[in-house]
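One letter stands for each residue in the lines below.
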Amino acid sequence: MKKSSYILILTLTVITVVGGGTYFGLWGDTDGQTNGAKQLESDKAENVTDMAKRAQAFIDISDFKGALELSSKAVAIDDKNADAWAALSSANYWMGDHKDAVEAADKALALDDKNIQALKMKAMAQLAQGSRTDALDTINKATEINSKDAGLWAEKKIGRAHV
């Protein structure tokens, strides 16, 4: 082998060992490891949010059981994801389990008190349970957050008609 080939191989070896050692914290610098862990957390959150969106798509095509299964998995993976809890609330509502729908919505709202989907589902479940005043209060909160959502205004009108 030529001298230049040896230098190239040696350079690549040093880069791999030193770079890998730094990434895995072998040389005391754990920035790479911390960044890797942050990336994994970010990927997990993105995947759970995607699962919540797919669960909503199942609801849109009236596959409520599929939505319930997928949103339950999303919550099991990341119970700190408000969108996953909102999707579970929606799935429970459409499966006819209004009590669990309210509970899941409350968990979503504990994580993100401005989650419109959770507020909508909570209000619909409250209305289905006969808690019309509570439903109207919940819809009022939602319309304070997003006053331009026509669906919220329609639900507010329905809630008022039942009070």
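Source: prediction; values computed, not measured.

1. Things to note about unusual backbone geometry
A positive phi is found at Ser-62, a non-glycine position, where the angle reads about 65°. In this structure, Ser-62 sits in the loop between α2 (31-60) and α3 (64-77).

2. A look at the environment of Gln-129
As for its position among the elements, Gln-129 is in the loop between α6 (116-128) and α7 (132-145). Measuring from C-alpha to C-alpha, the distance between Gln-129 and Val-102 comes to 9.8 Å, with 27 residues separating the pair along the chain. In contact with Gln-129, other than residues within four places in its own chain, are His-98, Lys-99 and Val-102.

3. Comments concerning the packing of aromatic side chains
Tallied over the full model, the rule gives 2 aromatic pairs. Centre to centre, the rings of Phe-64 and Trp-94 are 5.7 Å apart; their planes meet at 15°, and the pair counts as stacked. Here Phe-64 is found in helix α3, whereas its partner Trp-94 is found in helix α4 (residues 82-94), with 30 residues between them in sequence. Pairing Tyr-93 with Trp-94 gives two aromatic rings, centres 4.9 Å apart and planes at 85°, and the pair type is edge-to-face. Take Tyr-93: its relative accessible area is 16%, and that puts it in the buried class. With a relative accessible area of 39%, Trp-94 lands in the partly exposed category.

4. Notes on α6
An α-helix turns once per 3.6 residues; consequently, residues spaced three or four apart project the same way. Between its first and last C-alpha atoms α6 spans 18 Å; for 13 residues at 1.5 Å apiece the expected length is 18 Å, and the two agree. Among all positions of α6, only Ile-116, Ala-118, Leu-119, Lys-120, Met-121, Lys-122, Ala-123, Ala-125 and Gln-126 are buried.

5. Focus on the packing of α3 against α4
Relative to each other, α3 and α4 sit at 150°, their axes nearing to 8 Å. Relative to α4, α3 is oriented roughly antiparallel. In the packing of α3 onto α4, the handedness of the crossing is left-handed. Side by side, α3 and α4 meet where Phe-64, Ala-67, Leu-68, Ser-71, Ser-72, Ala-74 and Val-75 of the first sit next to Ala-84, Trp-85, Ala-87, Leu-88, Ala-91, Asn-92 and Trp-94 of the second. Of the residues in the contact of α3 with α4, the class split is 11 nonpolar, 3 polar and no charged.

The rules behind each value
Residues numbered from 1 in each chain as written. Predicted model: local features only at pLDDT ≥ 70, side-chain atom pairs only at ≥ 80, totals over all residues. Heavy atoms only, no water. Helix = DSSP H or I, 4+ residues; strand = E, 2+ residues; numbered from the N terminus. Contact = heavy atoms within 4.5 Å. Phe/Tyr/Trp six-rings, centres within 6.5 Å; stacked < 30°, edge-to-face > 60°. Buried < 20%, exposed > 50% of the residue type's maximum accessible area, 1.4 Å probe, protein only. Expected span 1.5 Å × (residues − 1). Axes fitted to C-alpha atoms, helices over the stretch in contact; angles between N-to-C directions. Parallel < 35°, antiparallel > 145°, perpendicular 65-115°, else oblique. Left-handed = near helix turned anticlockwise from the far one by under 90°. Nonpolar A, V, L, I, M, F, W, Y, C, P; charged D, E, K, R; others polar.

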